[in-house]
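# Fold and contact review
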Amino acid sequence: MSAVTDPIGDYLTRVRNAIMANHKIVEIPASNLKKRITEILYDKGYIHRYKFEDTQNGQGVIKIALKYDQTTKESAIRYLRRYSRPGLRQYAKATELPRVINGMGITIVSTSKGVMTDKEARQQNVGGEILCLIY
């Protein structure tokens, strides 16, 4: 197995692929940053539930139960995009953080005070690296 150069991109791609294939659960190798992103997705209602499990190698795995609309079978996550990449890091001040569909979606930002949504970053007046956009 080859090393993943962009773990956040890999995380988002796994979630996106699971949604396109209508999977109920997706498994992703764990890291503290990915755990925090998962918690934000859960808090904002984009995923049904999640569970952190330990594995033999000590890295652990994140199991995410995806959320779908019961009538239309459409995913709660309609759009999921990596913003800052290893080849081109994107940083922004608190006042310049992008708004996703006028505040309907969320931007996940890695700040000096931890990983948070764009709204929380604006309230705490901290900027940082823009990880991804979700709606």
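Residues numbered from 1 in each chain as written. Predicted model: local features only at pLDDT ≥ 70, side-chain atom pairs only at ≥ 80, totals over all residues. Heavy atoms only, no water.

## Concerning the nonpolar core
One finds Val15, Ile64, Leu66, Ile108 and Ile134 to be the most contacted residues of the largest nonpolar core, which totals 26 residues. Sorting the residues of this core by element identifies helix H1 (7-20), strand E1 (25-29), helix H2 (32-43), strand E3 (61-66), strand E6 (106-111) and strand E8 (128-134) as the ones contributing at least two each. If near-sequence neighbours (up to four positions away) are discounted, leucine 66 is found in contact with Val15, Ala18, Ile19, His23, Lys24, Val26, Ile47 and His48. In this structure, Leu97, Val100, Val126 and Leu133 belong to the second largest nonpolar core, which totals nine residues. (Core = buried A, V, L, I, M, F, W, Y, C linked by side-chain atoms within 4.5 Å. Buried < 20%, exposed > 50% of the residue type's maximum accessible area, 1.4 Å probe, protein only. Helix = DSSP H or I, 4+ residues; strand = E, 2+ residues; numbered from the N terminus. Contact = heavy atoms within 4.5 Å.)

## As for H2
With twelve residues, H2 should cover 16 Å at 1.5 Å per step; its first-to-last C-alpha distance of 16 Å lies within 8% of that length. All of the buried residues along H2 are Lys34, Ile37, Thr38, Ile40 and Leu41. Seen end-on, H2 carries its buried residues on one side only, within an arc spanning 160 degrees. The exposed residues of H2 that point more than 90 degrees off its buried face are Asn32 and Asp43. Within two residues after H2, glycine 45 carries a phi angle of roughly 80 degrees, on the positive side. (Expected span 1.5 Å × (residues − 1). Arc of directions from axis to C-beta.)

## Some remarks on the packing of aromatic side chains
To describe a pair of aromatic rings, one takes the distance between the centres and the angle between the planes. Throughout the structure, instances matching the rule amount to three aromatic pairs. Here tyrosine 50 and phenylalanine 52 contribute two aromatic rings whose centre-to-centre distance is 5.1 Å and whose plane-to-plane angle is 45 degrees, an arrangement assigned as tilted. We classify phenylalanine 52 as partly exposed; its relative accessible area is 33%. When the centroid spacing of 4.7 Å and the interplanar angle of 15 degrees are considered together, the rings of tyrosine 79 and tyrosine 135 count as stacked. One end of the pair, tyrosine 79, is in the loop between E3 and strand E4 (80-82); the other, tyrosine 135, is in the segment after E8, with 56 residues separating them in the sequence. By relative accessible area, which is 32% here, tyrosine 135 ends up partly exposed. Above the face of the phenylalanine 52 ring, lysine 35 is positioned so that its terminal group lies 5.2 Å from the ring centre. (Phe/Tyr/Trp six-rings, centres within 6.5 Å; stacked < 30°, edge-to-face > 60°. Lys NZ or Arg CZ within 6 Å of the ring centre and 35° of its normal.)

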